[in-house]
Amino acid sequence: MSITKPNSESQVSSQSDPRISQGPDTDRDVVVASQASAEDAILAFRRAKAEKVRARGENPFANDVGKGSSGAVLDIGKARARAEGGKVEGKYVEEHVRAATGAEAVSVRGRVIALRSSGGLTFLRLRDRTGEIQLLVSQSTMGEGYARLDDLDVGDIVEAEGLLTASKRGELSVEPTSLRLVTKAFRPLPEKWHGLTDVETRYRQRYVDLIANPAVTDVFRARSLIVRATRSILDDADFLEVETPTMHTLIGGAVAKPFNTHHNALDMNLFMRIAPELYLKRLVVGGLERVYEIGRCYRNEGISTRHNPEFTMLEFYQAYATYDDLMDFTEVLLRGVDARLKAAMPEAHAAWHKGRAYTIDEPFARVPMDLAVARGAVKTEIPAWAQAVTDGGGVGLLTLLQGDFGGSMKEWSKASPRAKAIDWSNFRKGVMKCDNDGERLFALYEYLCEPFLIEDYRSKDGSHSIPVFVKDYPFETSPLARKNDANPALVDRFELFVNGRELCNAFSELNDPEDQAARFRAQVDKKAKGDDETMDYDEDYIRALEHGMPPAAGFGMGMDRLTMLLTNAQSIRDVILFPLLRPHSP
RNA sequence: GGGUUGAUAGCUCAGUCGGUAGAGCUGCGGACUUUUAAUCCGUAGGUCGCGGGUUCGAGUCCCGCUCAACCCA
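Note that the structure is predicted; figures quoted are calculated from it, not measured.

Enquirer: Any chance you could explain the overall build of chain A here in plain terms?
Expert: Each helix and strand counted, chain A has 22 helices and 19 strands in total. Overall, the C-alpha framework of chain A stretches about 95 × 60 × 55 Å when taken along its three principal axes. By residue count, 47% of the 586 residues in chain A fall in the buried class. In chain A, the share of contacts with a sequence separation of at least 24, taken over all contacts with a separation of at least 6, comes to 67%. Put simply, chain A shows about 29,100 Å² of open surface, and 51% of that area lies on carbon and sulfur atoms.

Enquirer: Help me understand the protein's contact with RNA strand B, please; the structure alone is not making it clear to me.
Expert: Not every one of the 46 residues close to RNA strand B is listed here, only the nearest: Ser167, Arg169, Lys192, Glu200 and Arg573. Protein-adjacent atoms of RNA strand B, using a 4 Å cutoff, are sugar or phosphate at a proportion of 65%. Here a base nitrogen of RNA strand B and a backbone polar atom of Gly119 are 3.1 Å apart. Note that a base oxygen of RNA strand B is positioned 2.7 Å from one of the backbone N or O atoms of Lys168. Taken together, the elements giving at least two residues each to the surface near RNA strand B come down to helix H2 (26-35), helix H3 (38-55), strand E4 (106-118), strand E5 (121-128), strand E6 (131-138), helix H6 (139-142) and helix H7 (199-204). Top contributing element to the surface near RNA strand B by residue count: H3, with 5 residues.

Enquirer: Can you help me understand the environment of Gln139 in this one?
Expert: Mapping Gln139 onto the fold places it in helix H6. Placed 17 residues apart in sequence, Gln139 and Thr122 show a C-alpha to C-alpha distance of 8.4 Å. Residues contacting Gln139, with those up to four places away along its chain left out, are Gly120 and Tyr146.

Enquirer: For this particular structure, what's the right way to read the domain arrangement of chain A?
Expert: The accessible area lost on association of the parts is a frequent measure of interface size. With domains assigned, chain A is organised as domain 1 (35-195) and domain 2 (196-357 + 555-586). Computed from C-alpha atoms alone, the centre-to-centre distance between domain 1 and domain 2 is 38 Å. Taken residue by residue, the interface counts 7 residues in domain 1 and 8 residues in domain 2. Where domain 1 abuts domain 2, roughly 560 Å² becomes buried across the two surfaces, and 61% of that area is made up of carbon and sulfur atoms. Where domain 1 touches domain 2, the interface holds 1 residue pair in polar contact (both at pLDDT 80 or more). When its residues are assigned to classes, the side of domain 1 that touches domain 2 shows 2 nonpolar, 2 polar and 3 charged.

Enquirer: Help me understand the sheet that holds strand E10 (residues 247-248), please; the structure alone is not making it clear to me.
Expert: Within a sheet, adjacent strands bond to each other through the backbone by hydrogen bonds, running parallel or antiparallel. Here 3 strands make up an open sheet; going across it, the order is E10-E12-E11 and the pairing antiparallel. Strand pairing shows two members of the sheet lacking a second neighbour, E10 and strand E11 (260-263), which therefore form its edges. Bridging between E11 and strand E12 (residues 268-272) involves 4 bridges; their strand directions are antiparallel. When the bridges of E12 are listed, His262 appears paired with Asn269.

Enquirer: What should I look at first to understand the pattern of salt bridges in this one?
Expert: As a working rule, side chains carrying opposite charge can pair if their charged atoms are close by. Within this structure, the stated rule accounts for 46 salt bridges. When the shortest N-O distance is used, the salt bridge between Glu331 and Arg335 registers 2.9 Å. Of this pair, Glu331 and Arg335 are both found in helix H11 (residues 323-344), 4 residues apart, which corresponds to roughly one turn of the helix. Taking the relative accessible area as the measure of exposure, Glu331 reaches 8% and is therefore buried. Arg335 gets classed as partly exposed once you look at its relative accessible area, which sits at 28%.

Enquirer: Quick question: what am I supposed to make of unusual backbone geometry here?
Expert: For residues that are not glycine, phi is negative in most cases, and the peptide bond is trans in most cases. For Asp238, which is not glycine, the phi torsion reads 70 degrees and is therefore positive. Examined against the element boundaries, Asp238 turns out to sit in the loop between helix H9 (214-236) and strand E9 (240-241). One non-glycine residue, Asn499, lies in the positive phi region at around 55 degrees. Here Asn499 lies in the loop between strand E17 (490-498) and strand E18 (501-508).

Enquirer: I keep staring at the sheet that holds strand E19 (residues 552-558) and nothing clicks. Help me out?
Expert: Across the sheet, which stays open at both edges, the 8 strands sit in the order E9-E13-E14-E19-E18-E17-E16-E15 with mixed pairing between neighbours. Unpaired on one side and paired on the other, E9 and strand E15 (365-368) mark the two borders of the sheet.

Enquirer: Could you clarify how one ought to interpret the packing of H9 against H11 in this entry?
Expert: If you want to describe how two helices pack, look at the angle between their axes and the distance between the axes. With their axes 9 Å apart at the nearest point, H9 and H11 run at an angle of 130 degrees to one another. By the angle between their directions, the pair H9 and H11 is classed as oblique. Here H9 runs over H11; the crossing is right-handed. Contacts between H9 and H11 involve Ala222, Leu225, Ile226, Ala229, Thr230, Ser232, Ile233, Leu234 and Asp236 on the former and, on the latter, Phe329, Leu333, Gly336, Val337, Arg340, Leu341 and Ala344.

Enquirer: Explanation requested: the side chain of Asp560 in the structure shown.
Expert: With respect to the helices and strands, Asp560 occurs in helix H22 (residues 559-567). Judged by relative accessible area, which is 2%, Asp560 ranks as buried. In terms of polar contacts, Asp560 uses its side chain to reach the side chain of Arg223, at 2.9 Å. With sequence-adjacent residues up to four places away left out, Asp560 is seen in contact with Arg223, Phe311, Thr312, Ile572, Val575 and Ile576.

Enquirer: What is the right way to look at the environment of Asp324 in this model?
Expert: Mapped onto the elements, Asp324 comes out in helix H11. Separated by 229 residues in the primary sequence, Asp324 and Ala553 place their C-alpha atoms 8.9 Å from one another. Excluding residues that lie within four positions of it along the chain, Asp324 makes contacts with Arg366 and Lys471.

Enquirer: Help me understand the nonpolar core in this model?
Expert: Membership of the largest hydrophobic core comes to 56 residues, with the highest contact counts inside it found for Trp385, Leu397, Phe427 and Leu444. Each residue touching Leu444, except ones within four places of it in the same chain, is listed here: Val373, Leu397, Leu398, Leu401, Phe427, Val431 and Cys449. Residues Ile294, Ala321, Trp352 and Ile572 belong to the second largest nonpolar core, which totals 47 residues.

Enquirer: What am I meant to see in H22 here?
Expert: Because the α-helix completes a turn every 3.6 residues, residues three or four places apart line up on one side. Of all 9 residues in H22, 8 are buried; the element is thus mostly enclosed. Within H22, the full set of buried residues consists of Met559, Asp560, Leu562, Thr563, Met564, Leu565, Leu566 and Thr567.

Enquirer: I keep staring at the confidence of the model for chain A and nothing clicks. Help me out?
Expert: Any residue range with low pLDDT should be treated as having predicted coordinates unsuitable for detailed reading. Per-residue confidence for chain A gives a mean pLDDT of 89, with 93% of residues at or over 70. Segment residues 1-35 is flagged for pLDDT under 50; beyond a separation of four residues in sequence, or across chains, it makes 30 contacts in the model. Across the assembled chains, the prediction reports ipTM 0.88 with pTM 0.90.

What counts as what
- Residues numbered from 1 in each chain as written.
- Chains lettered and ligands numbered in written order.
- Predicted model: local features only at pLDDT ≥ 70, side-chain atom pairs only at ≥ 80, totals over all residues.
- Heavy atoms only, no water.
- Helix = DSSP H or I, 4+ residues; strand = E, 2+ residues; numbered from the N terminus.
- Buried < 20%, exposed > 50% of the residue type's maximum accessible area, 1.4 Å probe, protein only.
- Contact = heavy atoms within 4.5 Å.
- Areas by Shrake-Rupley, 256 points an atom, 1.4 Å probe, with all protein chains shown as cover.
- Near = heavy atom within 4 Å.
- Polar contact = N/O pair within 3.5 Å; in protein donor to acceptor, adjacent residues only side chain to side chain.
- Domains from an automatic or database assignment.
- Buried area = accessible area lost by both parts, 1.4 Å probe.
- Nonpolar A, V, L, I, M, F, W, Y, C, P; charged D, E, K, R; others polar.
- Pairing = 2+ DSSP bridges.
- Salt bridge = Lys/Arg side-chain N within 4 Å of Asp/Glu carboxyl O.
- Axes fitted to C-alpha atoms, helices over the stretch in contact; angles between N-to-C directions.
- Parallel < 35°, antiparallel > 145°, perpendicular 65-115°, else oblique.
- Left-handed = near helix turned anticlockwise from the far one by under 90°.
- Core = buried A, V, L, I, M, F, W, Y, C linked by side-chain atoms within 4.5 Å.
- pLDDT = per-residue confidence, 0-100.

Printed below as a string of structure tokens:
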């Protein structure tokens, strides 16, 4: 499919290169070229080179790569491996390279990412998925074929065959006896030194970003490894990977706004799933006691450095386990994934690891929400708060903050630097919106604890933050979680925060169909009152629970966020190949 | 949804008080048989995001819009 503009380019392409123009119109040709924009001119010159190749009877978009090669056709990584013994004190030496390779010719192909000519000798840097290697093209070795270099530009795909050798500066090279254009690149690559840095172009034209910025390729390689490692760890623990519908008839499994779509033949409105949870638990009812799914979910909400409308979630469910078991397993999972990433990409991993402000090497902190709130309140050094905590713990503060505390805010906010750092106006708004103590406790946690997790939970030497399991949530905020046996105001749920960011959400599953039905009804009531982030009543899910779901614990984690954490990415768009952007004509 | 910042050559960026639109890289022509951002000589390349306004004159000042980044909700 062509994306060329239908204006002047086609005229320019056939006439602008003086070397291929025929007849006396040279002056006019030059004028045409000079009238074109720089981009048009570059495209025209490169098309002209392709035409020149075609005119010789060769294909500038060849498909017969490796055919007729007398040398070993190798990936660049393999070609480099052959010359491994050719190094002396870190530099390659020609005679040692020859000895190591048995002076056997190799054939490599890849994209030209650099091209330097100094007369009768030209250096090309070639890249394929396995690595890079230099081509040392010499006029004396190539003979008449040396003129083929005129066909080439940076960005082209080429094929070269020759002996492995070393440059005088000790760089491993292929000295081609033959060199050919395989695929012509009409468009130029970004500037070689600064590369492509404009984030908008990087996201919109990821294909250029991947060529120009090798570190970007590393991140997506890491993402693939992270997903693979996660699968492998779950598979080894006897979990079964399944695929459940992404188009739902009801909203469920999370508190979020969905995307709507429509099935024409059935004339039926559908929601793109916000979570796979309720389907996976149906499978636990069906006897698939350990299941997981890694799949795309869709949430119709704002876009930020941590949110993309579509994202990839892991959910798994384990019968006969509790949320305590899952905390243990989470630590094993994260360390296991990171270890596999390190083994597969040692150099990139070392750089990421160095840049991490957190560590997963030490045991993760585990703190009940009301205790976290109590500690957070004491740290504000507000005397009234400290007293309330002494009297009644984290819950003690709830009474104090039940009404409008706007009058005391000014005084409270001056109590300490910590108190000053609290987002008081949103805190007050959030608390006043609450209908009950459970929601209030959660609001307190959100404003008094969550922003300070990084500074409150540190490694033994204080140099890094450590992950924190915040556990035992108010039941009002968790419509699918099991109530705590000892305290029915709470549910057996945790969220894991790493580097201050929410990574996982997990709980012991509610398997009492009557309790679940009551929670669904409460959700429906909230929707009737105007809340637009509620779940629907899922009759079939209640029916499933009525068949009996074994006690189970379930777990959810954003794979995008895990990748961000492990690769030190600042934005979710840096770990999603094609993040959603508004359309924009190039 | 609100705030802040930004958009100038294919890429990376300058552009003073409102007075003829600049550089490097890329491209094109040339020199060069050991380069690593090669170097040297020459040369081309612009809808200053889009649309209005003020002005003798706008890349620059004003208004609106589009897109993006960051922060907040």
